[in-house]
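The residues making up each chain are set out below.
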Amino acid sequence: MANLKEIRNRITSISSTMQITSAMKMVSAAKLKKAQDAITAMRPYAEKLTELLQNLSASLDGDVGGEFTTQREVKKVLIVAITSNRGLCGAFNTNVIKEAKNRSEYYAGKQVDVFAIGKKGNDILSKTSTVIDNQSAIFDNLTFDNVAVIADTLTQKFVSGEYDKIELVYNQFKNAATQIVQVEQFLPLAPIQSDKAVSNGDYIFEPAKEEIVMTLIPKALKTQLYKGIRDSFASEHGARMTAMHKATDNATDLRDQLKLTYNKARQAAITNEILEIVGGAEALKG
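Computed from a prediction, not measured in an experiment: that's the story for all the values here.

**Q** What is the right way to read the packing of aromatic side chains from this model?
**A** How two aromatic rings sit relative to each other is set out by the distance from centre to centre and by the angle between their planes. Going through the model one piece at a time under the given rule, you end up with three aromatic pairs. Seen from their ring centres, Phe139 and Phe233 are 6.0 Å apart, and the 15° between their planes marks the pair as stacked. Of this pair, Phe139 sits in the loop between β3 (130-134) and α4 (144-159) while Phe233 sits in helix α5 (residues 209-285), and the two are 94 residues apart along the sequence. Using a relative accessible area of 13% as the deciding quantity, one classes Phe139 as buried.

Here it is, written out as C-alpha cells:
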C-alpha cells in the first residue's frame, strides 16, 4: 500500500484536475448556448434557400447550373475535413478524421487530397494524406464573409478542373451529447430531387429564372459550407462539455476512493502506533 504522503499528493493532484475540467465544462456550456442559437437560427434559412433553388430548377427545361453541375470522370477528389483547433472533446475530432480516411480508401486508385479546416484534423491527416491547405484561423472570427472566401476558393478549384469532386466531412450538431458525422457532396451539385410537388404558378420572374438560379447557386454553396462549419463549431462545444462533465465525475469518484484509502491507511498507522506503545509499556512492566 502506498504511504500516506503519496496518497495525499495524489488527492491534491486529482483535486486540481477537477477544478480544471469543471472550469472547462462551464466555459464550453456558455459557448455552446451561443453556437447552438446560431446554427438553430440559420437552418431555416439554409433549408428555404435549398427549397427555392429546387422549385426554380425543377421548373426549367434542360440542365441548369452550368459549370457548377458539370459531371466529370472522377480522377481527383478533395476532402474538406472540418475539425477543431483544440482537443479534450472526446471522439469529436477522431470521428471526422476516421471518416475522412474512409473516404480516401473509398476513392482508392484516385488522387485524394485534403483541405483541412481545424488544426487537429490538419495535424493528424497530414501524416497520411496530402493536405493542400489549412484554414484553422477561421474559428477566430467565424463569420459568413470569412467562410465565403473559403467557399470561393473551393469552387474555383472545381471550376478550373483542379478537382473533379469535392466533399465535406463534419460533425452535425444534434444536441450536447450527440454529434453525427456527415459526408456531403459540395461540388458538383447533385441532381436536384424533391418529393414535394412543384407548383407551377403563373409568376413573372425578373430577371429570368435561369439567371436567378445561377445567382442562387454560389450563395447556396457558401451557405452550405457556413452551415457545416457552424454545425461543427456547436458540436465541438457540446462534445467538450460532455467530455469534461464525465472527466469531472470520474475524478470525483477517484478522489473519494483515495480519501477512503487514505483514511484506512491512517487508521491502520495509528492502530499500529498504539499497539507499539502498549507493547512497550507491557515490556517495561515485565
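Read on, since the account is not over.
**Q** Help me understand helix α2 (residues 92-106), please; the structure alone is not making it clear to me.
**A** In an α-helix, one full turn covers 3.6 residues, which means residues spaced three or four apart are oriented alike. Its 15 residues give α2 an end-to-end C-alpha distance of 22 Å, which sits within 8% of 21 Å, the value for a rise of 1.5 Å per residue. Taken together, the buried positions of α2 are Phe92, Asn93, Val96, Ile97, Ala100 and Arg103. On an axial view of α2, the arc spanned by its buried residues comes to 120°, and they lie on one face. Of the residues in α2, the exposed ones pointing more than 90 degrees away from the buried face are Lys98, Glu105 and Tyr106. Tucked into the core, α2 has its buried residues touching β1 (76-82), α3 (119-125), β4 (165-175), β5 (178-187) and α5.

**Q** For this particular structure, what's the right way to read α4?
**A** An ideal rise of 1.5 Å per residue puts 22 Å on 16 residues; α4 measures up with 22 Å between its terminal C-alpha atoms. Listing the buried residues of α4 in full gives Val147, Ala148, Ile150, Ala151, Leu154, Thr155, Lys157 and Phe158. Once α4 finishes, Gly161 follows within two positions and takes phi at roughly 90°, a positive value.

What counts as what
Residues numbered from 1 in each chain as written. Predicted model: local features only at pLDDT ≥ 70, side-chain atom pairs only at ≥ 80, totals over all residues. Heavy atoms only, no water. Phe/Tyr/Trp six-rings, centres within 6.5 Å; stacked < 30°, edge-to-face > 60°. Helix = DSSP H or I, 4+ residues; strand = E, 2+ residues; numbered from the N terminus. Buried < 20%, exposed > 50% of the residue type's maximum accessible area, 1.4 Å probe, protein only. Expected span 1.5 Å × (residues − 1). Arc of directions from axis to C-beta. Contact = heavy atoms within 4.5 Å.

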